[in-house]
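Structural description and commentary
If you want the building blocks of each chain, they are given just below.
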Amino acid sequence: MCVALLMFCFFLTACDSEGTATGENIKQPEPTVTASVDSSQTEHKIRIGFSMDTLLEERWLKDRDLFREACEALGAEVEIIAANGDDAKQISQAEALISEGVDILVVVPHNADATAAIVKKAHSAGIKVLAYDRLIKNADVDLYVSFDNEAVGELQAKAITKLVPKGKFVYIGGADTDNNAHLFKQGVFNVLQPFIDRGDITVVYDQWTKDWTPVNALANMKDALLANGNKIDAVIAANDATAGGVVEALAGQGLAGKLPVAGQDAELAAAQRIVEGTQTMTVYKPIKLLADKAAELAVKLAKGEDTGADRTVNNGKIEVPSVLLSPIAVDKSNINETIIADGFHSREDVYKNVDTK
């Protein structure tokens, strides 16, 4: 029986060998499947160069971080450099980004005229330029993304004239080299001029603040107080940093909180002064909205897509395609519903120096 069993197994093996030899009873190989490649994985990753004027102010640190986040969310890479108020350094830094072969250059200019050289160098390398928040003058800028900066000044002046429709006003401007400073001032005087023409308001002091620094604003405000024997009824400052210098000068004369002071940028220190009562208002420009929009349009520009810009701003050479966002006036009455509700600053930080119980 064992012998018979062995012979039977040998027979089966022979049949299987025969089948293999003749190609019968073979399981056919599975067809090769080529995985489809997502085009987004093979698409060139956009490289964005972000040339910033400064990172020495709270506001610009927020822009840097939010712009980086927005770019990365869009799948783009971003390299950020800051010149901290040095024109020559900003130009050389931008040249480095251009030589590295970025696809698009985004610029926050320190000097609106000097940075025209950046645009020219970028275009010679086939790279487009987006002016972020501040306009670059006398250059073929491809796109300008900002807030409506004349509207910022108008909001400041409307808030202050509502409180003081008659009296002696001081205007503490921003840096003369910054085009935005001129736009803020234009907006302020759009509102003030009818009051001035009627003789209701007299601007007794009007001065630019070199490099936007609080120490220079402090010196300007001290001069204004001295020249007018402290007889001043209201102050409009071009931003919150300069407003800080104004409030310091007023405090030195025992006047802090006794006359209205306007600023803009919604910096934390300004928000604290508002709830404390030494600064009347600020203008909130939702920076996340600006950063997100600028990142979106920078990527579109780099890809040669339509940005949908529906306005233009003249920069002294061309009508620059522009996207202008709307600012918001903030005072003690709506600070909770605006900058705090948006998470721009926490309630705890804003009311840090105020007993809310």
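Structural notes, computed from the coordinates. All figures in this text were calculated on a predicted structure; none of them were measured in a lab. (Residues numbered from 1 in each chain as written. Predicted model: local features only at pLDDT ≥ 70, side-chain atom pairs only at ≥ 80, totals over all residues. Heavy atoms only, no water.)

**As for the environment of Val-188**
Structurally, Val-188 is set in helix α7 (residues 179-198). Measuring from C-alpha to C-alpha, the distance between Val-188 and Lys-158 comes to 8.2 Å, with 30 residues separating the pair along the chain. Setting aside residues no more than four positions away along its own chain, Val-188 makes contact with Gly-153, Glu-154, Gln-156, Ala-157, Tyr-171 and Ile-236. (Helix = DSSP H or I, 4+ residues; strand = E, 2+ residues; numbered from the N terminus. Contact = heavy atoms within 4.5 Å.)

**A closer look at the nonpolar core**
By size, the foremost hydrophobic cluster in this structure holds 44 residues, and its most contacted members are Ile-48, Phe-50, Phe-67, Leu-130, Tyr-132, Ile-335 and Ile-339. Among the elements that take part in this core, helix α11 (residues 287-303) stands out by supplying nine residues, more than any other. If we skip the residues at most four places from it in the chain, Ile-339 touches Ala-266, Ala-271, Tyr-284, Val-330, Phe-344 and His-345. Ranked by size, the runner-up nonpolar core spans 23 residues in total, among them Ile-91, Ile-98, Val-102 and Tyr-144. (Core = buried A, V, L, I, M, F, W, Y, C linked by side-chain atoms within 4.5 Å. Buried < 20%, exposed > 50% of the residue type's maximum accessible area, 1.4 Å probe, protein only.)

**Some remarks on the packing of aromatic side chains**
By the definition in use, this model includes six aromatic pairs. Between Phe-184 and Trp-212, the ring centres sit 6.3 Å apart and the planes meet at 70°, which makes this aromatic pair edge-to-face. In this pair, Phe-184 sits in helix α7 while Trp-212 sits in the loop between β7 (201-207) and α8 (214-227), placing the two residues 28 residues apart along the sequence. Using a relative accessible area of 2% as the deciding quantity, one classes Phe-184 as buried. With relative accessibility at 7%, the residue Trp-212 sits in the buried group. (Phe/Tyr/Trp six-rings, centres within 6.5 Å; stacked < 30°, edge-to-face > 60°.)

**Points about the packing of helix α4 (residues 87-99) against helix α5 (residues 116-124)**
Here α4 crosses α5 at 15°, and the two axes come no closer than 10 Å. As summarised for this structure, α4 and α5 are arranged roughly parallel, according to the angle between their axes. The crossing of α4 and α5 is right-handed. On the side of α4, the interface is formed by Gln-90, Ile-91, Ala-94, Glu-95 and Ile-98, while α5 contributes Ala-117, Ile-118, Lys-121 and Ala-122. Across the contact of α4 with α5, the residue classes break down as six nonpolar, one polar and two charged. (Axes fitted to C-alpha atoms, helices over the stretch in contact; angles between N-to-C directions. Parallel < 35°, antiparallel > 145°, perpendicular 65-115°, else oblique. Left-handed = near helix turned anticlockwise from the far one by under 90°. Nonpolar A, V, L, I, M, F, W, Y, C, P; charged D, E, K, R; others polar.)

**Regarding the side chain of Lys-285**
With respect to the helices and strands, the residue Lys-285 is situated in the loop between β10 (281-284) and α11. On the basis of relative accessibility, which here comes to 2%, the residue Lys-285 falls in the buried class. A distance of 3.1 Å separates a polar atom in the side chain of Lys-285 from a polar atom in the side chain of Gln-264. Once you skip the residues sitting within four places of it in the chain, Lys-285 turns out to touch Arg-59, Asp-133, Phe-147, Asn-149, Val-152, Phe-184, Gln-264, Asp-265 and Pro-327. (Polar contact = N/O pair within 3.5 Å; in protein donor to acceptor, adjacent residues only side chain to side chain.)

These figures capture arrangement, not role.
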